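A closer look at the structure
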Amino acid sequence: STIQARTYEGAFAVAVSDTVADPNGPFAGLLVSVAGTLKIHTLAGQDVTFTVIAGQEVHIATQRVWSAGTSATVIGLSMPPYKPAINPGAGTVMP
């Protein structure tokens, strides 16, 4: 079997805003550093609100973290460029 792990290229401070996308984004996900309520605007154009805990990863592509409706503190995570995974059992490149 193949073990998959989510890795990120970078971590950025998130600038919360009710009007504009974060200049460091879009983000592949968010890491919660302080628990609370998190309201995001996804890349698909949806507004979603969650209750989150410290240490939680939110695996939703996000272009904006709302100021209104957010009490949590989060770190924006960026994805590295796509690279095919290698299956160590077979030594072949996975599609």
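Scroll up to find the structure.
Residues numbered from 1 in each chain as written. Predicted model: local features only at pLDDT ≥ 70, side-chain atom pairs only at ≥ 80, totals over all residues. Heavy atoms only, no water.

What follows concerns the side chain of Arg 64. Here Arg 64 is to be found in strand S6 (residues 62-65). Here Arg 64 occupies a buried position and makes no salt bridge, while the nearest side chain of opposite charge, Asp 47, is found at 4.7 Å. (Helix = DSSP H or I, 4+ residues; strand = E, 2+ residues; numbered from the N terminus. Buried < 20%, exposed > 50% of the residue type's maximum accessible area, 1.4 Å probe, protein only. Lys, Arg positive; Asp, Glu negative; His and termini not counted. Salt bridge = Lys/Arg side-chain N within 4 Å of Asp/Glu carboxyl O.)

With that settled, consider the pairing of strand S2 (residues 29-34). Two strands pair when backbone bridges link them, and S2 and strand S7 (residues 73-78) are joined in this way by five bridges, in the antiparallel orientation. Paired with Val 34 across the strands is Thr 73, a residue of S7. In this sheet, strand S5 (residues 57-58) lies alongside S2 in antiparallel orientation, the contact comprising two bridges. Across the sheet, the residue bridging to Leu 31 is Glu 57, located in S5. (Pairing = 2+ DSSP bridges.)

A few words on the sheet that holds S6. Pairing in this open sheet of three strands is antiparallel, and the strands run S4-S3-S6 from one edge to the other. Where the open sheet ends on each side, the last strands, each with one partner, are strand S4 (47-52) and S6. The average undirected angle you get between the axes of adjacent strands in this sheet is 35 degrees. In the sheet, strand S3 (residues 36-42) pairs with S6 via three bridges, with the strands oriented antiparallel. The residue of S6 that forms the bridge with Thr 42 is Thr 62. (Axes fitted to C-alpha atoms, helices over the stretch in contact; angles between N-to-C directions.)

Attention now moves to the side chain of His 41. Within the secondary structure layout, His 41 lies in strand S3. Judged by relative accessible area, His 41 falls into the buried class, the value being 15%. In terms of polar contacts, His 41 uses its side chain to reach the side chain of Asp 47, at 2.5 Å. Not counting the four nearest positions on each side in its chain, His 41 is found in contact with Gln 46, Asp 47, Thr 62, Gln 63, Arg 64 and Trp 66. (Polar contact = N/O pair within 3.5 Å; in protein donor to acceptor, adjacent residues only side chain to side chain. Contact = heavy atoms within 4.5 Å.)

For the bond running from Gly 25 to Pro 26, omega is 0 degrees, close enough to zero to count as cis. Assignment of secondary structure puts Pro 26 in the loop between strand S1 (10-13) and S2.

Below, the discussion takes up the packing of aromatic side chains. In this description, a pair of aromatic rings is defined by centroid distance and the angle of the planes. Enumeration according to the criterion identifies zero aromatic pairs in this entry. Between Lys 39 and the ring centre of Trp 66, over which it is positioned, the NZ or CZ distance is 4.3 Å. Geometry around Trp 66 places Arg 64 over its ring, the cationic atom sitting 4.3 Å from the centre. (Phe/Tyr/Trp six-rings, centres within 6.5 Å; stacked < 30°, edge-to-face > 60°. Lys NZ or Arg CZ within 6 Å of the ring centre and 35° of its normal.)

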